[in-house]
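Each chain, letter by letter, is given below.
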Amino acid sequence: MRTNVRPAAAVSSTRNLNIVALALTAALVSLQLAGLVMLERSHAHAMQVSFPRERAACADSVAVPVSQIPCD
């Protein structure tokens, strides 16, 4: 009986496909994490800028009245 070399090539092709899929998954996860970091930074920056009338944490400053925002 002759053995065919074809199954070894199929296994190698499958292994290569798995490696490519794993590399693509790792790249996508890295991009998602980078996007999340950028989103967190922009959110933190927006929160700092959006409350300019908030009292400072310094004890030396003069008390400035802060208007209350009505809530529903």
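Scroll up to find the structure.
Residues numbered from 1 in each chain as written. Predicted model: local features only at pLDDT ≥ 70, side-chain atom pairs only at ≥ 80, totals over all residues. Heavy atoms only, no water.

Caption draft 1: Looking closely at the overall build of the protein chain. Each helix and strand counted, the protein chain has 1 helix and 0 strands in total. The proportion of buried residues among the 72 residues of the protein chain is 0%. As displayed, the protein chain has an accessible area near 7,400 Å², and 65% of this comes from carbon and sulfur atoms. (Helix = DSSP H or I, 4+ residues; strand = E, 2+ residues; numbered from the N terminus. Buried < 20%, exposed > 50% of the residue type's maximum accessible area, 1.4 Å probe, protein only. Areas by Shrake-Rupley, 256 points an atom, 1.4 Å probe, with all protein chains shown as cover.)

Caption draft 2: The arrangement of a nonpolar patch on the surface in detail. Where nonpolar side chains cluster on the molecular surface, the patch consists of Val29, Leu33, Leu36 and Leu39 and spans about 370 Å² of accessible area. If you trace the backbone, Val29 turns up in helix 1 (residues 6-50). (Patch = residues over 30% accessible without salt bridge, like charges linked within 9 Å, V, L, I, M, F, W, Y side chains within 5 Å. Salt bridge = Lys/Arg side-chain N within 4 Å of Asp/Glu carboxyl O.)

Fair warning: the whole summary comes from geometry, so function is off the table for now.
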